[in-house]
Amino acid sequence: MKQTLFDKIWDKHVVAQVGNLSVLYIDKHLIHEVTSPQAFTGLEKRGIGVWDKTKIVATPDHNVPTLNQHLPINEPLSRQQVDKLKENCQKFDIELYGLLHPYQGIVHVIGPELGITQPGMTMVCGDSHTATHGAFGTIAFGIGTSQVEQVMATQCLLQAKPKRMRITINGKLKEGVLSKDIILYIISKLGTGGATGYFVEYAGDAIRSLSMEARMTICNMSIEMGAKGGLIAPDETTFEYVKGREFAPKGEDWDKALAYWKTLYSDADATFDFEVAYAATDIEPMITFGTNPGMGIKLSEKIPTASSTESPESFKKSLAYMGLAENQSLIDLPVNYVFVGSCTNSRIEDLRIFANYVKGKQKAPNITAWIVPGSKQVEKQAQEEGLDKILAAAGFALREPGCSACLAMNEDKIPAGEYCVSTSNRNFEGRQGPGARTLLVSPLTAAKVAVAGKVC
Amino acid sequence: MQKFIKLNSPIIPLPIENIDTDQIIPARFLKATTRDGFGENLFRDWRYDANNQPIADFVLNNPQYKGNSVLVAGENFGCGSSREHAAWALHDYGIRVVVSSFFADIFRGNALNNSVLPVQVSKSFLARIFSFVEQGQEVSVTVDLEAQTIILDHTQESESFDIDPYKKTCLINGYDDIDYLLSMKEEIKKFEVQHPLF
Ligand code: SF4
């Protein structure tokens, strides 16, 4: 039987079948402070413990301040949630990378960098961007809190098998086009519901040519078109990245794992429920103009007219929120905020791209910029490479790791009515603070805007 | 989990597409460590202005719709984050059924796990409901989980909807997945022995 990569991994994890639902075994479970407390309470109510504590890794990320992490958290509710995670991890004896721990960071940044994420696994987290880990050829998806409790209690989830989609991108990417542009381009084509019910495999030589970090950016945003998850077949780039990391297999285990990982690809004649292909040469730097990630255009294009869209009323409502008009070009739009961070673009390569561009230039005086590394490890590496100095010389500062302005649960909120050019993944109304207006871009575009003080 | 069998209620119309979970419950309200009280902040930023004053033309502030337990929303309801708080907020507010022509995946699962029934209808049926609302008609519906039907009370137009048979049994009996999975402990242990991969 010709199988897709997705089927190969899924089928290996089915414990039993209940009608249309599979009892799916989960290899790794990442938890954070926001979606876990009620799950722990649930376990306590049932009087049960966790199934296998070695399969759970915890870290606080959503609520944490990005300045002065050595001090107690100011905001009482945030502090309470972070404390609760610590308390629960102690009670259930779960590994916690708490604040100031050298491994702390955004769940989806630390999993890969610590070698916790490995090809062929099933992984879940109470967070929709769990799809990030799919870059390793991993079935990874976000779940709700009841399911967090399920996995803690039984290491399994009841799941309907999604359909399979393949998105192929062949050809050579243009200079200055980053993986963020690829995924924003794809979502602008498929729409926010375009992949609902599907698990997406990204393929083609343009995808193959990307680094692991760039691949993670693509898989990360799979959820923004409704997909259950996204994945990329592991290859030499993947193995090279995983090798030697803290929790990666070593010695004989490595050889065994590697032999297995090399079987993880879609067979040549495997069939997908839906296939689509784009040419790499058609992709240009992208920017969003509306209030969902599907509302994106090339920087060189103008905002479409409402009448050319499927739902003119919703479209107009979006533009009104954004303070933008049909047919408008975003070039030269004055912007006062730049956010570089989030599980989409806060890895070392993203910081290098930003630093490399601003090196020897100056931040525009009107710009407030928050540059937030994805993890303690990224922060450390940035310092070791001297990126913090380059940033400082250009008028920027490197903050401490966390989700930050991606969802504005800490103090990093964009004021109402202000535009923020952001490397994060969601431009929903109020996502970066009540009334904030988000324009999603790549780290390179963010760097250009930070220097110019306007969209360029 | 609360049982769901059959419900008759006037609707709350919200004809907006792609309603994401950040709108259903904004992130700043996710700091609680219990499941209670989220209803107060359901659609917070559409319901209240920056000074916490109710926004008059938002549907939840219209006394006509107070107490209704069926929300009818535009296509692709619940997209965005995995926060189950969205389902908790709806349930806590008193919503037991959400009708739309399309639901985001994670939201659908979260709703089903919290006794909020997602009823997916055809685009034309949805458009029909909204057209009655536009004409000033008060629309009420009967949702019968056993029969998997939704009926518009005043015209008796009906449509059937899909639901996974296992999930249907859970809702009707008030069981949840954990009860079920815990009954499979032995099988899971056996699986672990032959699954030495990670
Ligand atoms: S960075 Fe943003 S999208 Fe990623 S996990 Fe944190 S809040 Fe979610």
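Residues numbered from 1 in each chain as written. Chains lettered and ligands numbered in written order. Predicted model: local features only at pLDDT ≥ 70, side-chain atom pairs only at ≥ 80, totals over all residues. Heavy atoms only, no water.

### Remarks on the confidence of the model for chain B
For clarity, the threshold we go by: Values of pLDDT, which run from 0 to 100, indicate the predictor's confidence residue by residue.
On average, chain B scores 95 in pLDDT, and the residues at 70 or more come to 99%. Interface predicted TM-score (ipTM) for the complex: 0.91; the corresponding pTM is 0.95.

### Structural notes on helix H11 (residues 312–322) of chain A
Residue and element names in this part refer to chain A. In plain terms, the rule: Partly exposed describes any residue whose relative accessible area lies between the buried limit of under 20% and the exposed limit of over 50%, with all areas from a 1.4 Å probe on protein chains only and scaled to the type maximum. Numbering of helices and strands starts at the N terminus; helices are DSSP runs of H or I of at least 4 residues and strands are runs of E of at least 2. Taking the helix axis as origin, the arc is that swept by the directions to the C-beta atoms. Contacts were defined at the residue level, with two residues in contact if any of their heavy atoms lie within 4.5 Å.
Within H11, burial applies to Ser-314, Phe-315, Ser-318, Leu-319, Tyr-321 and Met-322. Within H11, the buried residues cover an arc of 160° as seen down the axis, which keeps them to one side. Opposite the buried face of H11, at more than 90 degrees from it, the exposed residues are Glu-313 and Ala-320. Against strand E17 (419–422) and strand E18 (437–440) lie the buried residues of H11.

### Observations regarding the packing of aromatic side chains
Two measures describe an aromatic ring pair: the distance that separates the ring centres and the angle between the ring planes. Residue and element names in this part refer to chain A. Which entries qualify depends on this criterion: Working definition: a ring pair exists when centres of Phe, Tyr or Trp rings (six-membered ring for Trp) sit within 6.5 Å. Plane angles under 30 degrees give stacked, over 60 give edge-to-face, the rest tilted.
Throughout the structure, instances matching the rule amount to 21 aromatic pairs over all chains. Where Phe-6 meets Trp-10, the ring centres are 5.4 Å apart and the plane angle is 40°; that geometry is what we call tilted. Taken as a pair, Phe-6 and Trp-10 lie in helix H1 (residues 5–11) at a separation of four residues, close to a single helical turn. Per residue, the accessibility class of Phe-6 equals that of Trp-10, and both read buried. Ring centres 5.4 Å apart and planes at 90° place the aromatic pair Trp-254 and Trp-261 in the edge-to-face group. Using a relative accessible area of 1% as the deciding quantity, one classes Trp-261 as buried. An aromatic cluster of at least three residues, connected via ring pairs, comprises Phe-6, Trp-10 and Phe-199.

### A word on the side chain of A:Gln81
The following threshold applies: Identification of polar contacts relies on pairs of N or O atoms within 3.5 Å, with a donor-acceptor requirement for protein atoms, meaning one able to donate a hydrogen and the other able to accept it, and with residues adjacent in sequence counted only if both atoms are side-chain atoms.
Topologically, A:Gln81 is positioned in helix H3 (residues 76–92). Within the structure, the side chain of A:Gln81 is placed 2.5 Å from the side chain of A:Asn63, a separation counted as a polar contact. Engagement of the side chain of A:Gln81 in a polar contact is seen with the backbone oxygen of B:Ala32, the distance being 3.2 Å. Look past the residues within four positions of A:Gln81 in its chain and what remains in contact with it is A:Glu33, A:Val34, A:Asn63, A:Met409, B:Leu30, B:Lys31, B:Ala32 and B:Thr33.

### With respect to the pattern of salt bridges
Residue and element names in this part refer to chain B. Definition in use: Definition used for salt bridges: Asp or Glu carboxyl oxygen within 4 Å of a side-chain nitrogen of Lys or Arg.
Inspection of every chain in the model, using the stated rule, returns 33 salt bridges over all chains. Note that Asp-22 and Arg-83 form a salt bridge whose closest N and O atoms lie 3.4 Å from each other. One end of the pair, Asp-22, is in helix H1 (residues 21–24); the other, Arg-83, is in the loop between strand E2 (70–73) and helix H3 (85–93), with 61 residues separating them in the sequence. Like Asp-22, the residue Arg-83 is buried in the burial classification. A salt bridge links Asp-177 to Lys-167; the nearest nitrogen and oxygen atoms lie 2.9 Å apart.

### As for the sheet that holds strand E12 (residues 274–279) of chain A
Within a sheet, each strand pairs with its neighbour through backbone hydrogen bonds, oriented either parallel or antiparallel. Residues and elements named next belong to chain A. Applied cut-off: Paired strands, as defined in this entry, are two strands with at least two bridges between them according to DSSP. Only the stretch in contact is used when fitting a helix axis, every axis being a line fitted to C-alpha atoms; angles between N-to-C directions are given from 0 to 180 degrees.
Taken together, four strands build an open sheet; the order of strands is E11-E10-E9-E12 and the sheet is parallel. Two strands in the sheet have a free side with no partner beyond their single neighbour: strand E11 (229–231) and E12. This sheet shows a mean twist of 20° between the axes of neighbouring strands, independent of strand direction. Relative to strand E10 (residues 198–203), strand E9 (residues 163–170) is paired through six bridges, and the arrangement is parallel. Its bridge partner being in E10, Arg-164 is matched across the sheet by Phe-199.

### Considering the interface of chain A and chain B
The cut-off we apply is this: For any pair of parts, buried area is found by adding up, for both, the accessible area (1.4 Å probe) each one loses once the two are put together. Ten residues, namely Ala, Val, Leu, Ile, Met, Phe, Trp, Tyr, Cys and Pro, are considered nonpolar, four, namely Asp, Glu, Lys and Arg, are considered charged, and the remaining ones, Gly among them, are considered polar.
Facing 67 residues of chain A, the contacting portion of chain B comprises 52 residues. Taken together, the two surfaces of chain A and chain B that pack against each other cover about 4,900 Å², and 60% of this comes from carbon and sulfur. Among the residues of chain A in contact with chain B, A:Gln38, A:Arg46 and A:Trp51 are the three that bury the most area, contributing 12% of the side total. Linking chain A with chain B are five salt bridges. Here chain A is connected to chain B by 28 residue pairs in polar contact (both at pLDDT 80 or more). For the side of chain A that touches chain B, the secondary-structure elements that each account for two or more residues are strand E1 (14–18), strand E2 (21–25), helix H2 (37–46), H3, helix H5 (145–154), strand E8 (156–160), helix H10 (251–261) and H11 of chain A. Residue composition of the side of chain A that touches chain B, by class: 26 nonpolar, 28 polar and 13 charged.

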